[in-house]
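Coordinate inspection notes
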Amino acid sequence: MKNSLFEMKRKIGYAFFPARCPFCDCVIKPSENLCQTCAKTVFPEETSVRIREDSSRGLIFLYPYDGRPKEAVRRLKFEGRKDLAVPLARLLWEQVQKSGIDFDLIVPVPMSRRKLRQRGYNQAQVLGEELARLSGIPWRSCLVHKDTKNDQHQLSARERSYWAERTYFGKGEENCRGKRILLIDDVYTTGSTIRACAKCLNEAGAACVFAAVLCKTERKN
Ligand SMILES: [Zn+2]
């Protein structure tokens, strides 16, 4: 239902379903990504890609996971506001372009079937699809999420890492071979998901893996 509503909006245009600012939910022009007020108060991070020494080559993120960006992610994930993926993906695409990284395949972090049934869509995939549309670079589902009973939010960083490595698996490896991949997720918390997914993609023969997320939290545990 949520999916069909989203597609309907695309087809009918914005006459009946106006575009909304992801940060305060006020009506904006379809060509805008955020309202004038939020444009003056919600600033993206510096664009430098943080080079890492682990399986992911670097991380691009838009905002710290706090305040209005955190609220935007909450609406996107928990209030069925799939429409917010459009302006958020545009903002993320601007950030990716500024970073100057080179990639030729977009891969979203997958979601468990159980959550997908509850939510009706995977927000990382919707963001990935929008980025593919904006960039002209294809996206593919090259990872699978094997359901585990654990709620990641309740786990420590070490436990998250342990379970993440037992949760994500590669698929369609021929699609990854030699590719410079941009891995997409909504929030980077401890990095265990991105690391586990990047490891799978590297094992599948990816040339390199960068990650782009909307928000990054500075979690210490
Ligand atoms: Zn706003």
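The structure this text deals with has already been given above.
Conventions we followed
Residues numbered from 1 in each chain as written. Predicted model: local features only at pLDDT ≥ 70, side-chain atom pairs only at ≥ 80, totals over all residues. Helix = DSSP H or I, 4+ residues; strand = E, 2+ residues; numbered from the N terminus. Buried ≥ 20, exposed ≤ 12 C-beta atoms within 10 Å, placed from the backbone. Contact = placed C-beta atoms within 7 Å. Expected span 1.5 Å × (residues − 1). Core = buried A, V, L, I, M, F, W, Y, C linked by C-beta atoms within 7 Å.

Along the backbone of the chain there are eight helices and seven strands. Within the chain, the proportion of its 221 residues that are buried is 38%. When contacts within the chain are restricted to residue pairs at least 6 apart in sequence, those whose partners lie at least 24 apart make up 74%.

Quick look at unusual backbone geometry now. With a phi angle near 70°, Asp25 is a residue other than glycine that sits in the positive phi range. Here Asp25 is to be found in the loop between helix H1 (2-12) and helix H2 (36-41).

Turning to helix H8 (residues 192-203), a few remarks are in order. With 12 residues, H8 ought to run about 16 Å at 1.5 Å a step, and its terminal C-alpha atoms sit 16 Å apart, in line with that. Burial analysis of H8 places nine of its 12 residues in the buried class, which makes it a mostly covered element. Listing the buried residues of H8 in full gives Ser192, Thr193, Ile194, Arg195, Ala196, Cys197, Ala198, Cys200 and Leu201.

With respect to the element layout, Cys176 can be found in the loop between strand E5 (168-170) and strand E6 (180-188). Of the residues examined, Cys176 has 24 C-beta atoms within 10 Å and is grouped as buried. In this structure Cys176 touches Cys142, Gly170, Ile181, Leu201, Ala204, Gly205 and Ala206, once residues within four positions along its chain are discounted.

With that settled, the discussion passes to the nonpolar core. The biggest cluster of nonpolar side chains holds 56 residues, and the ones touching the most others in it are Ile181, Leu183, Cys197 and Leu201. For this core, the secondary-structure elements that each account for two or more residues are strand E2 (58-64), helix H3 (67-78), helix H4 (85-99), strand E3 (105-108), helix H6 (123-135), E6, H8 and strand E7 (208-216). A total of seven residues in this core trace back to one element, the largest contributor, which is E7.

Everything listed is a geometric property; what it means functionally is a separate question.
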